[in-house]
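Structural overview
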Amino acid sequence: MIFFRLAAAVSRLSFVRIPLTLRCLPILLLALLAVPALAQAQPVPGFRLTKQLKIDINGSTYHLEGQVEMEQGSQKFFADVVDYDSTTRLMVATGNVVYTSPETRIAADRLEFNLDTKVGTFQNATGSTYLGEKVDKSFFGTQEPDALFYGEVIQKVGPKRYRITRGGFTSCVQPTPRWELVSSTATVELESYAVLTNTVLKVKGVPMFYLPVLYYPIQSDDRSTGFLLPTYGASVVRGQSISNAFFWAINRSQDATFYHDWFTKRGQGAGAEYRYVAGPSSQGNFTTYYLNEKQATYDTTAGSVTTPAQRNYEVRANVAQVLPAGLRARGNVDYFSSVVTRATFNQNPYDWSSRTRSVRGNIGGTWGRQSASMTYDTTELFYSDTASSLQGGTPRLSYAFAQTRIGQTPLYYSLNAEYVNIARLDREESNNTEVDQGLTRFDVSPTLRVPFNRWPFLTFNSSVSYHTTRYSESYVKDANNRDVQADQPLSRSYWDLRTDIVGPKFTKVWDTPDNGYAEKYKHTIEPTFTVQRLTAFDSYDRIVKLEGYDFTYGGTNRISYGLTNRFTAKRRAGASTARNRDFLTLSLTQSYYSDPRASLYDFGAFPLNFFGREPSNFSPIALAATFSPSEQSSVSTRLDWDDRAGEFQSIRVNGSYGLREWLTVTGGWSQRNIAIFFDRPADKFINTSTTFRTRGNRVGGTYAFYYDLGRSTMMDQRIVGYYNAQCCGVVFEYQQFNYPQFSSFAVPQDRRFNIGVTLAGLGTFSNFLGAFGGNTGQSSGGFGGRSY
């Protein structure tokens, strides 16, 4: 500003008669005054100087003092004193040194940095790096998800790699961190990992345990290769346990996890899980677990019980793959070597209560109206730990031609064909007996259909099908007049004539302008009728009945009738659920059979009729109701009432309730008055599960139980809870489990406890056996759902 004012004054002097030399003197003085300022603004090669107080230049060496701020690309340097050699491109900064980049900030006493190699050394430095957006932020509260590190010497040895000597690492921002890892050396690869040697974990400054080597993932996409934090457990059956896991992020669409469990009483287990996503419809996961059990002795009320040393395994897989030529492959495996070991060690109700192992594979495709598939499936059901029954199709080939209209007529035709090698093998290991009832079956079924749907309130759908079946084996009479299966083919043919009628429908609509739930309501009454005739065929008793289709009973008429009441609400604009919602549905159905024996084989509508019910012209009365006012809340029930016996065959009620995102309650009650398995009474169970979490997922937990009303026994009771403090968390579980009485177990009851610790950016895990019920209090991120 002074320069411009003086220049203006000089311009005014030009109108006064002053000698030229005197008039030029002020301009020369101004030029001399401007020289130091111009020298001070001279740039340092390769930098943009944003602020400095003093600069000395000596050839290619630059010396800067004061509040020096230098910028090169995305990197910024701040210091009190900077010496820079433009020839060697070496910069030495001292005094309040700060280095920043988009991912990192480091403060140090001294910095030596080469601008060509972009490597350097920080003395007595502290730094921070951003962990990314996908980290569970409930661990950080209102703070940014940063990882902090410090060291006597921090070397930048690569674009994103740092080597720390005699330093530490944490994701806590408190003056005294809740946890930190102190090590002699550490290598940090930004957005990837940190490897620490001679590491001590400190909690509130107190050393807790020592690790010779630690791999800590800090990848921004939440999927880094590395060890997960171990979990500790205790159990009556297994003793104390330590579970470890290593996660391998192969790439964005593949990962693998390797597990190891150590049990003080029962030995060791190891497993692996591989998952991939190859496309929208191509994905799969494969899991295997091997358990090397050692001999164990338990003291029970009945005396001392010893379990033998044994080795068992479990394999699970689920895969779907799109193939060329319009084909698609699917596979599912749930196989175990011992049903007792599965129930002994698994902790979730589905696994310990499952008594079936299965192998299924399918490949099929659709081309226009034609489709074909080949399936291999076997399912083995265990009645006890020694008795089982295996059945399935090995293989099953099917072909279908979709219904097609015949010219301009109202007729449609379709065709279905199937060839199957049916496997049926009953085993009893206690006496080494096997009964093989396997055979082959070939079936062809053309269908002609006549629909009538011109009226919206009344529809008819009539069809006629012809079924012809060829069995490779059948029952014959032996010398003692007993039925024995023999290699004698048998053919069966019959007609299936059927008409389905829906309506006439009665509907009423009314407005509710002052109602807060919906604008309008609609009530629909919908009667349904089905009339079916199956023609008679010979040799019904000679058919080897292995699947439901084989039980078809000919020479009978069936009339099914029912009434459905449906209540529909048209939700107001802005509702969280769909505008039109069927919030209440009530239905009542029953069937009549002209031949009472046919009532035992109506598996589609009344599957329990086969188990102990006397033949009747009438089926049980089925009442079904569903109340679902929202997507978060629903209740459904079904009751099968046997009017002849004056009691219900079965009843079940299931419900769920959700309150926003912080509370979910599910429950169910079921009771059957017919026993399906010979070694246990009729089922009577009640179960419920309640899960809650606070806003931000800071605190949460689950309480669940599975109660056997028939035995008055709490089969399974579980409490899981977690707490996520800033930068760390803890998850625990307590489970009380009573083993089923229909199999042999070492002890009648097991009590289990598991606990895991979570550090921000590094998660815990649920082991292969179902610890924590899969609920560790962490949100899943990226492909695979592994949380770190």
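Preceding this paragraph is the structure being described.
What counts, and where the lines are drawn
- Here the residue numbers are simple positions, counted from 1 along each chain's written sequence.
- The predicted nature of this model means local features are confined to residues of pLDDT at least 70 and side-chain atom pairs, given and counted, to a pLDDT of 80 or more, with totals for whole chains, interfaces and linings taken over all residues.
- To get the side-chain values, take all heavy atoms of the structure and skip hydrogens and water.
- Throughout, nonpolar core names a set of buried Ala, Val, Leu, Ile, Met, Phe, Trp, Tyr and Cys residues whose side chains join them through atoms within 4.5 Å.
- The cut-offs for exposure are 20% and 50% of the maximum accessible area for each residue type, with area from a 1.4 Å probe on protein chains only; residues under the lower value are buried, those over the upper are exposed, and the others partly exposed.
- Every residue pair with non-hydrogen atoms within 4.5 Å of one another is taken to be in contact.
- Elements are defined by DSSP. Helices are runs of H or I of four residues or more, strands are runs of E of two residues or more, and each kind is numbered from the N terminus.
- Polar contacts, as used here, are pairs of N or O atoms within 3.5 Å; protein pairs need one atom able to donate a hydrogen and one able to accept it. Residues neighboring in sequence count only if both atoms are side-chain atoms.
- Here, strands pair whenever DSSP counts at least two bridges between them.
- Only one rule defines a salt bridge in this text: a Lys or Arg side-chain nitrogen within 4 Å of an Asp or Glu carboxyl oxygen.
- A pair of Phe, Tyr and Trp rings is counted when the ring centres sit within 6.5 Å of each other, with Trp represented by its six-membered ring. The angle between the planes then sorts it: under 30 degrees is stacked, over 60 is edge-to-face, the rest tilted.
- By the criterion adopted, a ring carries a charge over it if an Arg CZ or a Lys NZ lies within 6 Å of its centre and within 35 degrees of its normal.

1. Brief notes about the nonpolar core
Formed by 39 residues in total, the largest nonpolar core has its most connected members in F77, V82, M91, L111 and F122. Residues contacting F122, with those up to four places away along its chain left out, are Y99, I106, A108, R110, L111, E152, V153, I154 and K156. In this structure, Y475, Y494, Y553 and Y593 belong to the second largest nonpolar core, which totals 17 residues.

2. Here's the deal with the side chain of R558
Within the fold, R558 resides in strand β34 (residues 556-571). Within polar-contact distance, the side chain of R558 engages the side chain of S560 at 2.4 Å. Not counting residues within four places of it along the chain, the set of residues in contact with R558 comprises R498, T530, V531, Q532, S591, Y592, Y593 and D602.

3. A closer look at the pairing of strand β22 (residues 356-367)
Summarising the sheet, strand β21 (residues 327-336) and β22 pair through 8 bridges and their orientation is antiparallel. Bridge pairing links R330 to N362 in β22. The pairing of β22 with strand β23 (residues 370-382) spans 12 bridges and is classified as antiparallel. If you follow G361 over to β23, its bridge partner there is Y376. Counted between consecutive antiparallel strands, the loop separating β22 from β23 contains 2 residues, among which G368 sits at a positive phi close to 65°.

4. Structural notes on the pairing of strand β35 (residues 580-593)
On any regular strand, side chains alternate: one points to one face of the sheet, the next to the other face. Bridge count between β34 and β35: 13 bridges; the pairing is antiparallel. In the sheet register, K570 faces β35, and the bridge partner there is N580. When β35 meets strand β36 (residues 621-627), the two strands line up antiparallel, connected through 6 bridges. When the sheet's bridge partners are listed, L586 is paired in β36 with A625.

5. A short note on the pattern of salt bridges
Enumeration over the complete set of coordinates arrives at 29 salt bridges. For R266, the salt bridge identified is with E293, shortest N-O distance 2.5 Å. Of this pair, R266 sits in the loop between β15 (254-263) and β16 (267-279) while E293 sits in strand β17 (residues 282-293), and the two are 27 residues apart along the sequence. By relative accessible area, which is 5% here, R266 ends up buried. Measuring nitrogen to oxygen at the nearest pair gives 4.0 Å for the salt bridge that ties D377 to R396.

6. Notes on the packing of aromatic side chains
The full count for this structure, using the stated rule, is 25 aromatic pairs. Ring centres of F263 and F345 lie 5.9 Å apart, and the angle between their planes is 50°; on these two criteria the pair is classed as tilted. Of the two residues, F263 is situated in strand β15 and F345 in helix α3 (residues 339-345); the sequence distance between them amounts to 82 residues. Across this residue pair, the class does not change: F263 and F345 are buried. For the pair Y313 and Y335, a centre-to-centre distance of 6.3 Å together with 25° between the ring planes defines the contact as stacked. Placement of the pair is Y313 in strand β20 (residues 310-322) and Y335 in strand β21, with a sequence separation of 22 residues. Accessibility expressed as a relative area gives 41% for Y313, which makes it partly exposed. Exposure remark for Y335: the relative accessible area of 27% places this residue in the partly exposed category. Through pairs of rings, three or more aromatic residues link up here, namely F77, Y99, F113 and F122. Sitting over the ring of Y412, R449 keeps its end group 5.3 Å from the ring centre. Above the face of the F537 ring, R492 is positioned so that its terminal group lies 5.5 Å from the ring centre.

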